[in-house]
Structures are given as C-alpha cells and as structure tokens.
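Residues per chain are reported as follows:
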Amino acid sequence: MEGEGDNLVKVFNLLTVIEDSRASHKQKVKNRPSPKSCSVSSRVGQLTPFSPGLLGTPGAETKDPRSEQQQHSSTPKKPQALMEPLFDMTPGPWQNESLEDKLGPHQRAVSTRLLSSLKNKISGGGWRKSCEATINIRMQEPEENKIVRELLETEQTYVSRLHLLDQVFFEELLKEARSSKAFSEDVVKLIFSNISSIHQFHSQFFLPELQRRMDEWAVVPRIGDVIQKLAPFLKMYSEYVKNFERAAELLAIWMEKCPPFQEVITRIQNSEVSGNLTLQHHMLEPVQRIPRYELLLKEYVQKLPPEAPDQEDAQKALDMIFSAAQHSNAAITEMERLQNLWDVYQRLGLEDDIVDPSNELLQEGPIQKISFRHSSTMERYLFLFNNMLLYCVPKVIQVGAQFQVRTRIDVAGMKVRELNDVEFPHSFLVSGKQRTLELQAQSQEEMNTWIQACQRAIDQFGKRHETFKAAVQGPEGDTEEHPLKSEELGIRAPQWVRDKMVTMCMRCKTPFNALTRRRHHCRACGYVVCAKCSDYRARLKYDDSRLNRVCLECYVFLTGNLLPEDKEDKKKGILEKESSKVSEQSLMCSFLQLLGDKWGKGSSRGWCVIPRDDPLVLYIYAAPQDMKAHTSIPLLGYQVTSGPLTDPRAFQLQQSGLVYSFRAESEDLKGQWIKAIDRAAKGQGFTGPEGELSD
C-alpha cells in the first residue's frame, strides 16, 4: 500500500524535472523577458523522451505549443495559485525536428496541458484519499491471515539460513578438510549434526506446502492440515538440539587451534550472504525455530473465529508442535543429565561398580561425619543417587579423581532420621545395610534438605520395588531412638554407640581404662564392649557374610551356639540401672558439673538422673549410655540451697556434714533441679505428666 504512494511521488518529481528543463531553455532565448517560475533546483538539462504509459495516460493527444500560446493569450489570465509552477510556452529547439520522428512509432510526446493537469491533481492531494482507502482496506484484513503470511515469510527466511548452513558453511568446510587435511571431516559432521536433513525437509517439503496453500488461500483458507501432516518430522530436531552444546564447544576449539578452519569460516562470515553474522548465530536458528512455530500457531488459534473451518485442525497442529517442542526439551534434559552424570563419574575415578547411565544424581555436597571414637567431626562428601548413597573422602592429591569412595549404601533398606544431640546440633542418622553414619550439617536448613532428599529417594525406590517398602522409614522428623531389632542383627549395619557416651562395658559393666580394658564395638548391635565380651566372631550378611567381631549375646543369636560354660545371671546391684533406659523414664535428667573433691580426679562432669520409678534417689552416671551408675544419693532429708553469689548456676545438697556441690549449664536448669530435689528431700510425690512436679 505504500508502493502506490511512492510511485505517485516519483511522477511528481519527474514533472518538476520537465519544468526545470523548460525554464533553463527559456533563459537562452534572446529578446524575451525572463519567465516567472518556481525556484526549484535544476536536476536535468534536457528533456528525455518517455512513454506516456508511465504517467498512466495512454493515447494522449500531442498538440503544438504555439496553438496553446494563442489560446492563453485570448483568454483572461487567472491569478496563479500558491506554489503552482508557471510553464514556459516558448518553442524549444526540439521543435525543429518532429517529436514523433524522435520518439518512434510506438511513443508519443506529452503535451504541456497534460503535464500541468496531472501535476495539479497530484498537488491537490486527491490521490492521497485513494491511497488511504487502499490502506484502510488492507488494515481490515483478518488477523489470522496476517499470522499465516508471517509464518510463510519467516519460513522463507529460515530456509535461506538453512541453505547458508548446509550448502555454504558445511560444504566449504568439507572441501577444505578433504583438500588440506588440516582437520578431519568427522569434526565438521559433528559440528553440523543433521543440518542437511533439516534443510532438505524444509526446502523440499515444508516451505513448498506452505507456499501452495497460501496461493490457494482464497479458496482453501486452512493451514492446520498442512502442519499436521508435516509436524511429526520436526522430531528430527532433537538430535540437532542435543548436539548443539557439544557443537559450539568443538567450533570454539577448532577456531582457535586450526588456522585453515578459521580462515574458511571468517571468509564466509564476512561475505554479504552471511549478513555479517557469525556461524554461532546462524547455528542457533534451528534451536529457536520450533518454539517460534508454537508461538505463531498459538496466536493463530486464538485469532480464529470459533466457527472457522480451520479451528479443529489448527488446534491439533498446535498440540503436535507442542509435542515436538517437548521432545526437544526432553532431549536437552536427558543430555544434561548424562553430561552431569559423566562429570560425577570422572570425579569419582570411573569405578566399574558405580558407572551406570540409568542412575540419576539427586544431591551432592560436603558434610561432617561424627566420629564414634573421638568427640570431633571429619570432612566428608556425599553423592546421593536414585539407588545409592556414596560416602566419599576428598583426595589430598587430586590427580584424576577428586574423591575416593569409602562406602556405598544402597537406598534399598536405607533409613534416615534426625538425631537429638545437644553436643552436635543439626545432626542426622543414615542407616543402611552396609553401614550406619552419623552426619552433621552446617545448619538446620541444610540438614532438612539432606533428610528430605534421602527420604524422597527411599520413597521412589519403594514405589518402583514393592518388595522393599518394609525397609522405608516412617514419617520424617521422628527423633525417637530406634534400637536395632533382633531380626535385623547382621542384616543391616547398626548405629554405633560413641565411645565417650559410656565409661564401662555395656555387657559386663566393667569400667574401661586406657591400658588394661579398652573399648571395642560389636559389629552386630553397635554396643561398646570390652575385649573379653567381644572375643567372638560371626558372619554378617551386610558385610558380604565376612567374619566380624561381635559380643556374646549377638554371637549366640547369630550362630545358635551355646558356650560350654553357661554363666548364671548375677543379681543386679542397686547401681545397675541402665542409663539410657532410666533417662527415657526420668523426672529430671541432664549433665551437671560436679564440684569439690568428693567425686575423685577426672570426674568433673556427670549425667544426673532422678528416675520416675525411684523418685527419691539421684543417680549419677559418668556418661548417658552407661549400664551402671557411678554413685547414687538418697535425697530424703537433704537440704538444697543455692551456691555462692559469685556463681549463680551452682547449688548444694547438705545433710549431717555431707555437702555435694553441683553447677548447672544455665540458671533456668538450676532452678528446675532445686525444685525437683527439694520435693524429693521432703518426700513429696511426683504425679504430673511429662515430669511435672506436683504435691
């Protein structure tokens, strides 16, 4: 619609040139006054013959200028309109020779009257109204038609880009590879993937079908059936999209290391056909094309009237394009998953029993492992997959692999829960058939993230393998202690009791010392026992049925053998109350600092408990997991008082010259102990729930 207006402007300019030519000739005529004319710069010095068809006036009659001059002289002159050019009626030198002879038999000269009339019409602006009417007609074109035309135009541009990639870049690089041998043909094929197939499909099938349908649009205003027929072939883009990242890497590498390779690409990029765009820019076009189809079709379906004949086919075509886009996105996701998996395997040293393309990495990150033997943590690294948890140690010299796998814990049968540990906050337990780990995170949020990730892996594995559902733990966040069941002994790794949590053998209750009675762990139940109580060997299934050190009770259970000399159970003494069981059913328990010389050397801290079933006695253990109390104090008749003002957390027990001094970890905890001991000393009962004190 803009082209018609441009043509009329060109005619207007041409008329101005003709006027200027006449004015310049008139200045050369002697004995004639200078005519008044418009001040327009002269562009052409002589009139060139042209066909009247250019002005749209075929068959215009040629008249003698002198006859026109006589007519003007006989008629009264009218005032000249503003900006209207004054034509010179003086015969020019061209009249010495017949204009018809010069123009030829098929061309005729243009009369001055015709030129003046045409120019007045152009200056009057009447033509603008006709152009505006044409523009309005065009603007009333349905929106869906505009979208279809845009689809065709962008497809034509896209096919030209594919031709550039396939027939220019690809072919020129192949020729250079064959002639110079500076780089392999395989490198070129890897970079361009299946671009030739994509180009052939669009240039020979997709674009011709769209063009044919546009030519028939007045009769068949449909586009959905064409796209439905060809949309399944768009899945070939998955291969190109999957290879795109690798292709970009190869292109960058060979551009840097191979001058002939770089020279070919630079030469094409600087040519006019490339539009001063890089090869990487052109290679991105196929990746963006399917999303472009989806956007155009979605807009087309929205603009279609509900009763349009193409409504149903267009919706089906949109669904098929969406499926092709999802296919490409799935290919990208799968490629990223495999690439990440391969990177992890390289960091782990590519061990044969770990590398598996079907695995899925769920989470990885550093973690602190709580030591069973020392009250400290060690830096470790975890890789959680959908079927296993890898417990790794960072290598000091990272040549090749960055981590060494210490333990592999299968998700099948794995349990995870939070630990209620005051000394190690944000800690959690991972228990599997192969091993049980106590781990500490940096924050509560990080701990929850690991627990949730492990639980998701357990749940997903349980859904895929119904036979393992019994091994999945209960609700998340359960902090209750879960002792190993007797039927699980030897089948799954136990949770080891930490060395510092006990001061005596958990079987024979003999105190440990650094020289003659050292600590050992039973590999079946996890108890801390002495050498005498752990001098047995049994095969454990979780350790591939290898022989392991176990305690007496576990040995009898696992093997079914009885010892030659059965020991009779000794009657338990007054102090033989297991600390962990007493603490679970206690009125009051916590660590208290023991002050004074009555406790002996090295006994500056004790685990103090008032049992619910023996509420008038204070039991003092060396550690929370001890099987026997260090000492006990009958509280009846004792007086409890606060300590010196200089120590607000201290308090004392006094009776008949006996004084026991304690210090709590806080003033609030001190107040609770004073209240509990005072009631016990007065013989008052404890009947409230959850350890509440009552009369």
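Residues numbered from 1 in each chain as written. Predicted model: local features only at pLDDT ≥ 70, side-chain atom pairs only at ≥ 80, totals over all residues. Heavy atoms only, no water.

Topic: the pattern of salt bridges
Counted by the stated rule, this structure contains 23 salt bridges. Of the charged contacts in the structure, one is a salt bridge between Glu143 and Lys146, with a shortest N-O distance of 3.9 Å. You can see Glu143 and its partner Lys146 sitting in helix H6 (residues 143-180), 3 residues apart, about one turn around the helix. Relative accessible area serves as the criterion here: at 31%, Lys146 is assigned to the partly exposed category. (Salt bridge = Lys/Arg side-chain N within 4 Å of Asp/Glu carboxyl O. Helix = DSSP H or I, 4+ residues; strand = E, 2+ residues; numbered from the N terminus. Buried < 20%, exposed > 50% of the residue type's maximum accessible area, 1.4 Å probe, protein only.)

Considerations on the sheet that holds strand S16 (residues 639-642)
Strands sit in the order S15-S14-S13-S12-S18-S17-S16 across an open sheet of 7 strands; the sheet is antiparallel. Two strands lie at the open edges of the sheet, namely strand S15 (631-634) and S16, each paired on one side alone. Shown here is a sheet whose adjacent strand axes are inclined to one another by a mean of 35°, direction ignored. Here 6 bridges tie strand S17 (residues 650-655) to strand S18 (residues 658-663), and the two strands are oriented antiparallel to one another. Bridging from a neighbouring strand, Gln652 pairs with Ser661 of S18. (Pairing = 2+ DSSP bridges. Axes fitted to C-alpha atoms, helices over the stretch in contact; angles between N-to-C directions.)

What to know about the sheet that holds strand S1 (residues 361-370)
Taken in spatial order, the 7 strands of this open sheet run S4-S3-S2-S1-S7-S6-S5, and their pairing is antiparallel. A strand with exactly one partner marks an edge of an open sheet, and here the two such strands are strand S4 (403-410) and strand S5 (415-418). Neighbour-to-neighbour, the strand axes of the sheet open up by a mean angle of 35°, direction not taken into account. Direction of pairing for S1 relative to strand S2 (residues 377-385): antiparallel, over a ladder of 9 bridges. Note that in S2 the partner of Leu361 across the bridge is Phe385. This element, helix H14 (residues 444-464), spans S1, S2, S5 and strand S6 (427-431) of the sheet and lies at about 125° to S1. (Contact = heavy atoms within 4.5 Å.)

A look at the packing of aromatic side chains
Under the definition given, this model contains 13 aromatic pairs. Both rings, one in Tyr345 and one in Phe385, keep their centres 6.4 Å apart while their planes meet at 20°; by these two values the pair is stacked. Residue Tyr345 is found in helix H13 (residues 311-347), and its partner Phe385 is found in strand S2; the two are separated by 40 residues along the sequence. In this pair, the class of Tyr345 matches that of Phe385, namely buried. (Phe/Tyr/Trp six-rings, centres within 6.5 Å; stacked < 30°, edge-to-face > 60°.)

Things to note about helix H10 (residues 237-257)
Across its 21 residues, H10 extends 29 Å between first and last C-alpha, which sits within 8% of the 30 Å expected from 1.5 Å per residue. All of the buried residues along H10 are Tyr237, Ser238, Tyr240, Val241, Asn243, Ala247, Leu250, Leu251, Trp254 and Met255. (Expected span 1.5 Å × (residues − 1).)

Let's talk about the nonpolar core
The biggest cluster of nonpolar side chains holds 62 residues, and the ones touching the most others in it are Phe192, Phe261 and Tyr300. Taken together, the elements giving at least two residues each to this core come down to H6, helix H7 (185-192), helix H8 (195-215), helix H9 (224-230), H10, helix H11 (259-269), helix H12 (279-303) and H13. Considering every element that reaches this core, the biggest residue donor is H6, with 15 residues. With residues up to four places along the chain from it excluded, the contact list for Phe261 reads Leu173, Phe183, Ile191, Leu251, Trp254 and Met255. (Core = buried A, V, L, I, M, F, W, Y, C linked by side-chain atoms within 4.5 Å.)

A short note on the pairing of strand S14 (residues 617-621)
Counting buried positions along S14 gives 5 out of 5 residues, so the element sits mostly inside the fold. Where burial is concerned, the two faces of S14 agree: the one with Val617, Tyr619 and Tyr621 and the one with Leu618 and Ile620 are both buried. Note that strand S13 (residues 605-611) and S14 share 3 bridges and pair antiparallel. Looking at the pairing, Val609 lines up with Tyr619 of S14.

So, unusual backbone geometry
Of note in the backbone geometry, Ser193 takes a positive phi value of approximately 50° without being a glycine. Mapped onto the elements, Ser193 comes out in the loop between H7 and H8. Located in the positive-phi region is Ser545, a residue other than glycine, with phi close to 60°. Structurally, Ser545 is set in the loop between strand S10 (536-540) and strand S11 (546-550).

Digging into the packing of H6 against H11
For the pair H6 and H11, the least separation of the axes is 10 Å and the interaxial angle reads 150°. Taken together, the axes of H6 and H11 are roughly antiparallel relative to one another. Relative to H11, H6 is oriented so that their crossing is right-handed. Together, Leu164, Val168, Phe169, Glu172, Leu173 and Glu176 of H6 and Pro260, Phe261, Val264, Ile265, Arg267, Ile268 and Gln269 of H11 make up the contact between the two elements. Looking at the contact of H6 with H11 residue by residue, the class counts come to 9 nonpolar, 1 polar and 3 charged. (Parallel < 35°, antiparallel > 145°, perpendicular 65-115°, else oblique. Left-handed = near helix turned anticlockwise from the far one by under 90°. Nonpolar A, V, L, I, M, F, W, Y, C, P; charged D, E, K, R; others polar.)

Focus on H7
Along H7, the residues classified as buried are Val187, Val188, Ile191 and Phe192. For H7, the angular spread of buried residues about the axis comes to 120°, placing them on one side. Tucked inside the fold, the buried residues of H7 contact H6, H8, H10, H11 and H12. Capping the start of H7, Ser184 holds a side-chain oxygen 3.1 Å from the backbone nitrogen of Asp186, two or three residues further along. (Arc of directions from axis to C-beta. Polar contact = N/O pair within 3.5 Å; in protein donor to acceptor, adjacent residues only side chain to side chain.)

Overview of the side chain of Gln368
Along the chain, Gln368 turns up in strand S1. Using a relative accessible area of 18% as the deciding quantity, one classes Gln368 as buried. At a separation of 3.1 Å, a polar atom in the side chain of Gln368 contacts the side chain of Thr377. In this view, Gln368 contacts Thr377, Met378, Glu379, Glu438, Leu439, Gln440 and Gln442; residues no more than four positions away in its chain are not counted.

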